[in-house]
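Examination of the molecular architecture
Here is how the chains run, residue by residue.
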Amino acid sequence: MAFIAPILFSLGLSYSVMSLIWALPSIVGMLVIPVIASVSDRCRLSWGRRRPVLLALGIAVLLAMMLIPCGGLIAQTIGLDHLVFMVALIAIGVTVTDCGAGAASALSQTYALEVCPIPDHARVLNLMVFFKGVGTILGATIGAIDWSALPLRIYSVNNETIVFLLTWIVFVVCLITTITSYREIPLPVLEKDAMLRPVTHHEIDINLNRQQQVDCPLIPTEETVSEQFQCRQLIHSIIHMPLAMKKLYLTVLLSVMGNMTFQLFLTDFVGTKVFHGDVKAPKESEEFQMYEAGVRYGCFGKYPMNLLNC
């Protein structure tokens with residue numbers, strides 16, 4: 001997030017176009033992430049239900065992360081040296097990275113809860129929140145360091161590329177650690193054993209109806225809920241949501257809107273308004289150097305929120 005805005009602004013894009021590009025991941029994620037979760041629930045591979053999908057998402061994110069800092073170079077290499085194609089490649093990289101990371105985060109939490117005992121669920125969730133905060137602090141630190149100025153013989157590589165390379169390496173290590181941490185029971189085995197079978201909405205309704213018949217025999221039973229995810233059910237639940245829940249989610253919506261605005265444009269604001277830099281200036285000019293310094297200092301602005309996450 002810290003470097004995507006400067007990369008796009010360096011191509012000459014406006015703030016409105018930048019905002020539209022960042023809207024794509026949310027729109028695509030709203031449509032795709034539930035489908036990915038449904039595919040994971042029904043995955044019948046011998047490796048389990050979560051790990052194959054996590055591996056696929058991890059590979060997609062790793063490939064997409066290459067497009068963000070190198071989208072312009074890739075477009076020039078394949079003969080599409082035009083601003084539209086450069087922006088399109090970067091937008092694809094941003095969308096796939098954000099959606100893939102969001103889906104992987106949710107599946108990782110499900111994976112952790114499924115392989116640990118129920119009494120440990122609260123501790124697992126607390127640890128995941130803690131390490132998420134630690135991870136974001138680590139990411140902000142990586143972005144705040146001027147890697148090209150260090151004596152590492154990498155003067156010819158720009159700072160953004162180094163940051164994405166380091167993040168890429170960290171992501172590879174975390175992906176391998178995650179998918180090799182704990183073996184899953186395959187879905188066919190779960191279905192054969194009643195003690196291991198996942199609890200579904202259908203089974204919950206059957207048990208509730210049986211209990212209702214015992215307590216109140218004259219009350220007719222309701223139809224069971226389908227296990228398949230349906231968009232109309234989601235829309236119906238949103239429309240008929242209790243008033244207290246609507247107020248809560250409206251507050252969350254406004255909070256996320258404000259937080260995302262802060263996250264997306266903070267580094268560019270610091271580089272432009274505080275350090276008086278210019279992202280469109282020549283690479284060797286003082287204005288551009290001041291802009292890059294402001295972007296790095298802007299990464300430190302993420303620390304208060306990350307500390308609260310911890």
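Residues numbered from 1 in each chain as written. Predicted model: local features only at pLDDT ≥ 70, side-chain atom pairs only at ≥ 80, totals over all residues. Heavy atoms only, no water.

On to the overall build of the protein, then. A tally of regular secondary structure across the protein gives twelve helices and zero strands. Moving toward the C terminus, one meets the helices and strands of the protein in the order α-α-α-α-α-α-α-α-α-α-α-α. In the protein, buried positions account for 32% of the 310 residues. Put simply, 66% of the contacts in the protein that link residues at least 6 apart link residues at least 24 apart. Taken as a whole, the protein presents about 19,200 Å² of accessible surface, with 69% of it coming from carbon and sulfur. (Helix = DSSP H or I, 4+ residues; strand = E, 2+ residues; numbered from the N terminus. Buried < 20%, exposed > 50% of the residue type's maximum accessible area, 1.4 Å probe, protein only. Contact = heavy atoms within 4.5 Å. Areas by Shrake-Rupley, 256 points an atom, 1.4 Å probe, with all protein chains shown as cover.)

Quick look at helix α5 (residues 121-144) now. A turn of α-helix holds 3.6 residues, and therefore any two residues three or four places apart point the same way. Relative to the 34 Å expected for 24 residues at 1.5 Å per residue, α5 spans 35 Å between its end C-alpha atoms, a close match to the ideal helical length. Of all the residues in α5, the buried ones are V124, G133, I137, A140, I142, G143 and A144. (Expected span 1.5 Å × (residues − 1).)

Summed over all chains, the structure comprises six salt bridges. Across the salt bridge formed by R51 and E184, the nearest N and O atoms sit 3.8 Å from each other. Pair noted here: R51 is in helix α3 (residues 51-77) and E184 is in the loop between α6 (159-179) and α7 (187-192), with a separation of 133 residues, a long-range link. Taken individually, R51 and E184 each receive the classification buried, so the pair is uniform in this respect. Here R123 makes a salt bridge to D120, at a shortest N to O gap of 3.5 Å. (Salt bridge = Lys/Arg side-chain N within 4 Å of Asp/Glu carboxyl O.)

Bringing the packing of aromatic side chains into the picture now. Each aromatic ring pair is characterised by the separation of its centres together with the angle its planes make. Enumeration according to the criterion identifies four aromatic pairs in this entry. When the centroid spacing of 4.7 Å and the interplanar angle of 50 degrees are considered together, the rings of F9 and Y15 count as tilted. For Y15, a relative accessible area of 46% corresponds to the partly exposed category. One aromatic cluster is present, built from ring pairs that chain together F9, Y15 and F265. (Phe/Tyr/Trp six-rings, centres within 6.5 Å; stacked < 30°, edge-to-face > 60°.)

Packing of helix α4 (residues 83-115) against α5 leaves a shortest axis separation of 10 Å and a crossing angle of 150 degrees. Judged by the angle between their axes, α4 and α5 are roughly antiparallel. Of the two possible hands of crossing, α4 and α5 adopt the one that is right-handed. Side by side, α4 and α5 meet where S108, Q109, A112 and L113 of the first sit next to H121, V124, L125 and M128 of the second. Of the residues belonging to the contact of α4 with α5, the class tally is five nonpolar, three polar and no charged. (Axes fitted to C-alpha atoms, helices over the stretch in contact; angles between N-to-C directions. Parallel < 35°, antiparallel > 145°, perpendicular 65-115°, else oblique. Left-handed = near helix turned anticlockwise from the far one by under 90°. Nonpolar A, V, L, I, M, F, W, Y, C, P; charged D, E, K, R; others polar.)

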